[in-house]
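Each chain, letter by letter, is given below.
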Amino acid sequence: MATSTSTSQRTILKAQQWANGCVFQHSGGTLGPFGENLAAGTGSSYDIAAAVKSWTDEVSQYDPNNPQPSHFTQVVWKATTQVGCAEAQCSGIFPASFGLAKYFVCEYSPQGNVIGEFPQNVQRPFPPFATQMLSRGASTASAIAYIVLVLITTFFIGLSCALLLSQAVRTAPNRNWFRNFNAAVIGAAYALVLVAALAICLKRRIAVHRKLQRISKSYRTLSRSDVPKPVYRHMQQEYARACLIAYESQPKNGHQEGWGAPGSKYSGVRYRTALLQTIREIDKAAHVVLPRHPTLRPHARMLHHFRFLLPLLPRDQDGLSPLHYYDSAIQLARHASREPTEAEFILGITAASQIKKVLDECRLEALEGSTLHLPDPIHSKTK
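About the cut-offs
Residues numbered from 1 in each chain as written. Predicted model: local features only at pLDDT ≥ 70, side-chain atom pairs only at ≥ 80, totals over all residues. Heavy atoms only, no water. Helix = DSSP H or I, 4+ residues; strand = E, 2+ residues; numbered from the N terminus. Buried < 20%, exposed > 50% of the residue type's maximum accessible area, 1.4 Å probe, protein only. Contact = heavy atoms within 4.5 Å. Areas by Shrake-Rupley, 256 points an atom, 1.4 Å probe, with all protein chains shown as cover. Pairing = 2+ DSSP bridges. pLDDT = per-residue confidence, 0-100. Patch = residues over 30% accessible without salt bridge, like charges linked within 9 Å, V, L, I, M, F, W, Y side chains within 5 Å. Salt bridge = Lys/Arg side-chain N within 4 Å of Asp/Glu carboxyl O. Lys, Arg positive; Asp, Glu negative; His and termini not counted. Charge placed at Lys NZ, Arg CZ, Asp CG, Glu CD. Arc of directions from axis to C-beta. Phe/Tyr/Trp six-rings, centres within 6.5 Å; stacked < 30°, edge-to-face > 60°. Axes fitted to C-alpha atoms, helices over the stretch in contact; angles between N-to-C directions. Parallel < 35°, antiparallel > 145°, perpendicular 65-115°, else oblique. Left-handed = near helix turned anticlockwise from the far one by under 90°. Expected span 1.5 Å × (residues − 1). Disulfide = S-S within 2.5 Å.

Moving on: the overall build of the protein. Within the protein, the regular secondary structure consists of 11 helices and 4 strands. Taking all 383 residues of the protein together, the buried fraction comes to 28%. A separation threshold of at least 6 residues defines the contact pool for the protein, and within that pool the share at least 24 residues apart is 64%. As displayed, the protein offers around 26300 Å² of accessible surface, 61% of which is attributable to carbon and sulfur atoms.

Here's what the structure looks like:
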């Protein structure tokens, strides 16, 4: 991508517009003359950085001799000067068992992937096999040099030992190996040197192994001293860029469907998540009041699961209890393809509050109605 590339409000709004639709298909030019990349995933670790990485990983499939449009080529397109990304929480992209998907949309202007303009806009990537060959070549050369050094050292040590032993035999009175004190001292000295060398090598190997074992296997924050300065500087730049993209991708001065409006009582609250979180809270309170309350099952209807609470709940003029309204809100949050509205959220969260209030009152009444009778204390003393 060109060095002058920057975010723009126009591309951000267009990206947010398409992301809010939760349609995992390209806009096909309906938003305007923009390039476009889409990505979706689930899980807390899936973010904009993971989405961009999935696009740039396609570099291995790019052939400069036969260039084809791809996510990678749009990301690095040199003529693109403006980019805007947006995120939305969507259902229907993946099966319901996977949960809500994080849907990322990025719009690029001017658009890339123009046939016939690849050579001047997409830099020829360094072949991966060349990197592997260089790495393997360096490793092989290092191993060969080490083996040659060991062989040369062993040869000269053996040669010096043989020359010294022959000198000891020639200078001995009997000119023989037997009962030759000098030969015995020379042999013992070389044997001690060999043992000491092996011991040093073994000690070194054990020390390296222990240091490797002490390396944390869990994720931790790298400090400036953990990596070389250029690497640390590059990490800071990439982190700052990712933070900027994430910040610019957030909706500003607007209302996103399924979320509390900025400045309102429910600002920053996602209606679907807030409603679903109340299920376990009510279930926990119900088990305190009714210890034999059924175990919560996935996707169970609230009207059926909390049926034993119906006699405790008040009813309105239509004969409906808060549990009926709560059941409707949870069914909508679980299975509707659209996001709950603020009115639907207020109806569901109010019903949940009423149910929890009744359960709390029952718990307090049970505590007040129970008394603990202790036997009279026995006083004794010894002498």
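For the rest of this paragraph, the subject is the pairing of strand S4 (residues 101-109). Along any regular strand the residues' side chains alternate between the sheet's two faces. In terms of residue burial, S4 counts as a mostly covered element, since 9 of its 9 residues are buried. For strand S2 (residues 35-41) and S4, the ladder comprises 7 bridges, and the chain directions are antiparallel. Residue pairing for S4: Ala39 is matched across the bridge by Phe104. One ladder, built from 9 bridges, connects strand S3 (residues 82-90) with S4; its direction is antiparallel. Bridging across to S4, Gln89 finds its partner in Lys102.

Moving on: the confidence of the model for the protein. Parts of the prediction with low pLDDT should not have their coordinates interpreted in detail. Looking at the protein, the pLDDT average stands at 83 and 89% of residues meet or exceed 70. Counting contacts from residues 371-383, a segment whose pLDDT is below 50, to residues more than four positions away or on other chains yields 0 contacts.

A surface patch of negative charge is lined by Asp360, Glu361, Glu365 and Glu368. Considering the arrangement of structural elements, one finds Asp360 in helix H11 (residues 342-369). For Asp360, a relative accessible area of 35% corresponds to the partly exposed category.

Next up on the list: helix H2 (residues 48-56). Within the span of H2, buried status applies to Ile48, Ala51, Val52 and Trp55. One side of H2 holds all its buried residues, which, seen down the axis, span an arc of 95 degrees. Of the surrounding secondary structure, the elements contacted by the buried residues of H2 are S2, helix H3 (71-76), S3, S4 and helix H7 (229-249).

Following the criterion strictly, the structure yields 7 aromatic pairs and no others. On the numbers, 5.8 Å between centres and 50 degrees between planes, the contact of Tyr46 with Phe104 is tilted. Here the residue Tyr46 occupies a position in the loop between S2 and H2, and Phe104 occupies one in strand S4, the gap between them amounting to 58 residues. Residue classification places Phe104 among the buried residues on the basis of a relative accessible area of 3%. Taken together, the ring pairs in this structure connect Tyr266, Tyr271 and Phe345 into an aromatic cluster.

Further remarks concern the packing of helix H8 (residues 271-289) against helix H10 (residues 322-335). Interhelical geometry of H8 versus H10 gives an angle of 125 degrees and a closest axis separation of 9 Å. With respect to each other, H8 and H10 are oriented oblique. Between H8 and H10 lies a crossing of left-handed hand. Contacts between H8 and H10 involve Arg272, Leu275, Leu276, Thr278, Ile279 and Ile282 from the first element and Tyr326, Ala329, Ile330, Leu332, Ala333 and Arg334 from the second.

The next thing to look at is the pattern of salt bridges. A full pass over the atoms with the stated rule returns 7 salt bridges. Taking the shortest distance from any N to any O, the salt bridge between Arg270 and Glu339 comes out at 3.0 Å. Pair noted here: Arg270 is in the loop between H7 and H8 and Glu339 is in the loop between H10 and H11, with a separation of 69 residues, a long-range link. A salt bridge links Arg338 to Glu344, with the shortest nitrogen-to-oxygen separation between them at 2.8 Å. Residues joined by salt bridges that share partners form a network here, namely Arg270, Arg272 and Glu339.

Looking now at unusual backbone geometry. The linkage connecting Ser109 with the following residue, Pro110, adopts the cis geometry, with an omega of -10 degrees. Along the polypeptide, Pro110 turns up in the loop between S4 and helix H4 (118-121). Of note in the backbone geometry, Cys22 takes a positive phi value of approximately 55 degrees without being a glycine. Under the relative-accessibility criterion, Cys22 is labelled partly exposed at 25%. Of note in this structure, Asn113 is not a glycine but carries a positive phi near 60 degrees. Take Asn113: it is sitting in the loop between S4 and H4.

Here we have 4 strands laid out as an open sheet, ordered S1-S3-S4-S2, and mixed in their pairing. A single partner strand is all that each edge strand has here, and the edge strands are strand S1 (6-7) and S2. Docked against the sheet, H7 engages S1 and S3, running at close to 65 degrees with respect to S3.

All right, on to H10 then. Given a rise of 1.5 Å per residue, 14 residues ought to cover 20 Å, and the 20 Å separating the end C-alpha atoms of H10 matches this to within 8%. Every buried residue of H10 is listed here: Pro322, Leu323, Tyr326, Asp327, Ala329, Ile330 and Ala333.

This part covers the pairing of S2. With 7 of its 7 residues buried, S2 lies for the most part within the structure. Side chains Gly35, Asn37, Ala39 and Gly41 of S2 all project onto a buried face; the interleaved residues Glu36, Leu38 and Ala40 project onto the opposite face, where all are buried too.

Counting across every chain of the model gives 2 disulfides. Disulfide partner of Cys85: Cys106, at an S-S distance of 2.0 Å. With the S-S dihedral at roughly 110 degrees, the linkage between Cys85 and Cys106 falls on the right-handed side. With Cys85 in strand S3 and Cys106 in strand S4, this pair connects stretches of sequence that are 21 residues apart. Here the two residues Cys85 and Cys106 agree in accessibility, since each one is buried. Ordinal numbering of bonded cysteines along the protein defines a disulfide pattern of 1-3, 2-4.

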